[in-house]
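Structural description and commentary
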Amino acid sequence: DGGITQSPKYLFRKEGQNVTLSCEQNLNHDAMYWYRQDPGQGLRLIYYSQIVNDFQKGDIAEGYSVSREKKESFPLTVTSAQKNPTAFYLCASTLGGQGELFFGEGSRLTVL
Amino acid sequence: GNSVTQMEGPVTLSEEAFLTINCTYTATGYPSLFWYVQYPGEGLQLLLKATKADDKGSNKGFEATYRKETTSFHLEKGSVQVSDSAVYFCALTHKLGGTSYGKLTFGQGTILTVHP
């Protein structure tokens, strides 16, 4: 079945540590996105990539980094510079021609 | 810039009640409009969409009509079920040209709880 796989589903991190969240898709979609979800704040865009080897900052990119070396993969690194990293992180992709996003099941990061 | 405003939640209803979740937007031109649903512990799924004024999107008994004159895209369902309990997000995007769309802008989400 085609879809988006995020891992891990739950992750605990100590302050000062970097952590990388994985996102893989087998939908052959060109564009991929990372969103952060906090209670009562909806979804905020962190980074997005519309093509391999290219990506752009979203609305809240500070403290995060990404790479897009393969079409199928768009990992997100939450660095120690991110002041408040505890959140639910969602990866998404789109075929582009329809405007709608397909989401993974999310990764919940908790900083201890 | 673009923005989406949803009615404040949470919304609590009894089974078989009528549901309305209001959504209004601010955007230039003619955006495409979406409703996404997020069930507990999961990612978002597309519920319905409309790409031009007066279009009605519908799915699973839910409907929403693209009203350009009031810049609204309210979600409605005639008879809700316990299984409809979820968070609902209104969103918009613009067509950039050809078959390419810009990034989505989401509302803050509305929590719906349906009791038996």
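Rules used in this analysis
- Residues numbered from 1 in each chain as written.
- Chains lettered and ligands numbered in written order.
- Predicted model: local features only at pLDDT ≥ 70, side-chain atom pairs only at ≥ 80, totals over all residues.
- Heavy atoms only, no water.
- Phe/Tyr/Trp six-rings, centres within 6.5 Å; stacked < 30°, edge-to-face > 60°.
- Buried < 20%, exposed > 50% of the residue type's maximum accessible area, 1.4 Å probe, protein only.
- Helix = DSSP H or I, 4+ residues; strand = E, 2+ residues; numbered from the N terminus.
- Pairing = 2+ DSSP bridges.
- Axes fitted to C-alpha atoms, helices over the stretch in contact; angles between N-to-C directions.
- Contact = heavy atoms within 4.5 Å.
- Buried area = accessible area lost by both parts, 1.4 Å probe.
- Salt bridge = Lys/Arg side-chain N within 4 Å of Asp/Glu carboxyl O.

Turning to the packing of aromatic side chains, a few remarks are in order. Considering all chains together, one arrives at 13 aromatic pairs over all chains under this definition. For the ring pair Tyr33(A) and Tyr35(A), a centre distance of 6.4 Å and an interplane angle of 25° mean the geometry is stacked. For the pair Tyr33(A) and Tyr35(A), a shared accessibility class is recorded, and that class is buried. Both rings, one in Phe103(A) and one in Tyr36(B), keep their centres 5.8 Å apart while their planes meet at 80°; by these two values the pair is edge-to-face. One end of the pair, Phe103(A), is in strand β10 (residues 102–103); the other, Tyr36(B), is in strand β5 (residues 32–38), on a second chain. Exposure remark for Phe103(A): the relative accessible area of 12% places this residue in the buried category.

A few words on the sheet that holds strand β8 (residues 76–78) of chain A. Residues and elements named next belong to chain A. If you walk across this open sheet you meet the four strands as β1-β3-β8-β7, and the pairing is antiparallel. The open sheet terminates on both sides in strands that have one partner only, identified here as β1 (4–7) and β7 (64–66). Taken over all neighbouring pairs, the strand axes of this sheet differ in orientation by 20° on average, direction set aside. One ladder, built from three bridges, connects strand β3 (residues 19–25) with β8; its direction is antiparallel.

Residues and elements named next belong to chain B. In space, the four strands of this open sheet follow the order β3-β9-β8-β7, with antiparallel pairing throughout. Two strands close off the open sheet at either side, each with one partner strand: β3 (19–21) and β7 (56–59). Direction aside, neighbouring strands of the sheet carry axes that sit 15° apart on average.

With that settled, the discussion passes to the interface of chain B and chain A. Each partner contributes residues to the interface: chain B has 19 residues there, and chain A has 23 residues. For the chain B and chain A pair, buried surface summed over both sides reaches about 1600 Å², with 56% attributable to carbon and sulfur atoms. At the junction of chain B with chain A, the criterion picks out one salt bridge.

The next point concerns the pairing of β5(B). Residues and elements named next belong to chain B. Counting buried residues in β5 gives seven out of seven residues, a clear majority hidden from the surface. Residues Ser 32, Phe 34, Tyr 36 and Gln 38 line one face of β5 and the alternating positions Leu 33, Trp 35 and Val 37 line the opposite face, and both faces are buried. Two strands pair when backbone bridges link them, and β5 and strand β6 (residues 44–50) are joined in this way by six bridges, in the antiparallel orientation. Each residue of the ladder has a partner; that of Phe 34, found in β6, is Lys 49. Connecting β5 to the next strand, β6, in antiparallel fashion are five residues, including Gly 41 with a positive phi near 75°.

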